[in-house]
Amino acid sequence: ANDKGLIRDSWERLGKNKLPHGTVMFARLFELEPELLKLFHYNTAFSSVQECLSSPEFIDHISKVMLVIDAAVSHLDDLHCLVQYLVNLGRKHQAVGVKTQSFNAVGKSLLYMLECSLGPGYSTELRDAWVTLYAIVVETMSSGWTE
Ligand code: HEM
């Protein structure tokens, strides 16, 4: 119950425009796993992280990711509503070449972003609450992978 409050408050504290936060998150992700850059090729492959981070299609992807997190935060009391959507989303990511292991680095990048954005408001309790929520989202998405 307290976890939910921490998550809702911290997400709200990031402000209405989540895009800058998502950009910090993905910049971090490419530091942790530079190979992931290759999976984002909309027309041509990006030659640098900077080029990727400033492309409209990639910026759209950042918005999509932030919307999924927003949906999870809004449905903390009824996450089951999102299951079918997330399983399907996982399937789409398998199709574009994502490996489920890469979600570990995504999780680290999410925490990194929260720490940067919240400063002293980032606590162990808060981190643990986000780790729990993120694990649910990722496990559900991962169940969309098929052999
Ligand atoms: C779509 C890559 C993580 C949400 C896509 C697409 C690619 C991609 C290539 C298709 C093109 C596009 O729509 O831009 C990746 C990679 C990830 C990652 C490499 C990290 C390993 C995530 C995460 C979320 C997410 C963590 C949300 C929790 C979405 C959504 C779409 C999408 C909502 C659109 C799906 C649709 O068209 O219905 N992703 N993604 N992605 N991704 Fe990701």
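Description of the structure in this document. (Residues numbered from 1 in each chain as written. Predicted model: local features only at pLDDT ≥ 70, side-chain atom pairs only at ≥ 80, totals over all residues. Heavy atoms only, no water.)

**Some remarks on the pattern of salt bridges**
No. 1: In this structure the tally under the stated criterion is 4 salt bridges.
No. 2: Close ionic contact of Asp77 with Lys4 constitutes a salt bridge, the shortest N to O distance being 2.8 Å. Residue Asp77 is located in the loop between α4 (56–74) and α5 (83–95), and its partner Lys4 is located in helix α1 (residues 2–13); the two are separated by 73 residues in the primary sequence.
No. 3: Between Arg28 and Glu31 there is a salt bridge; the shortest N-O distance is 2.8 Å. One end of the pair is Arg28 and the other is Glu31, both in helix α2 (residues 19–32) and 3 residues apart, which spans about a single turn.
No. 4: Glu31 sits in the exposed class, given a relative accessible area of 55%. (Salt bridge = Lys/Arg side-chain N within 4 Å of Asp/Glu carboxyl O. Helix = DSSP H or I, 4+ residues; strand = E, 2+ residues; numbered from the N terminus. Buried < 20%, exposed > 50% of the residue type's maximum accessible area, 1.4 Å probe, protein only.)

**Describing helix α7 (residues 124–142)**
No. 1: In this model α7 runs 26 Å from its N-terminal to its C-terminal C-alpha over 19 residues, within 8% of the 27 Å that 1.5 Å per residue would give.
No. 2: Among the residues making up α7, those that are buried are Leu126, Ala129, Trp130, Leu133, Tyr134, Val137, Val138, Thr140 and Met141. Buried residues of α7 fall within an arc of 160° about the axis and therefore sit on the same side. For α7, the exposed residues lying more than 90 degrees away from the buried face are Glu125 and Glu139.
No. 3: Buried-residue contacts for α7 involve α1, α4, α5 and α6 (102–118). (Expected span 1.5 Å × (residues − 1). Arc of directions from axis to C-beta. Contact = heavy atoms within 4.5 Å.)

**Considerations on the environment of Leu53**
No. 1: Its place among the elements puts Leu53 in helix α3 (residues 49–53).
No. 2: For the pair Leu53 and Ala27, spaced 26 residues apart in the sequence, the C-alpha separation amounts to 7.5 Å.
No. 3: If near-sequence neighbours (up to four positions away) are discounted, Leu53 is found in contact with Thr23, Phe26, Ala27, Phe30, Phe58 and Ile59.

**Details of the packing of aromatic side chains**
No. 1: Counting across every chain of the model gives 10 aromatic pairs.
No. 2: Ring geometry for Phe26 versus Phe30: centroids 6.4 Å apart, planes at 50°, classification tilted. With Phe26 and Phe30 both in helix α2, this residue pair falls 4 residues apart, about one helical turn. Phe30 matches Phe26 in its accessibility class, with the two residues each being buried.
No. 3: Note on Phe103 and Trp145: the rings are 5.7 Å apart at their centroids and 90° apart in plane angle, and the pair reads as edge-to-face. Placement of the pair is Phe103 in helix α6 and Trp145 in the segment after α7, with a sequence separation of 42 residues.
No. 4: In textbook terms, an aromatic cluster arises when at least three aromatic residues are bridged by ring pairs, as seen for Phe26, Phe30, Phe40, Tyr42, Phe46 and Phe58.
No. 5: A cation sits over an aromatic face here: Arg28 above Tyr112, 4.5 Å from the ring centre. (Phe/Tyr/Trp six-rings, centres within 6.5 Å; stacked < 30°, edge-to-face > 60°. Lys NZ or Arg CZ within 6 Å of the ring centre and 35° of its normal.)

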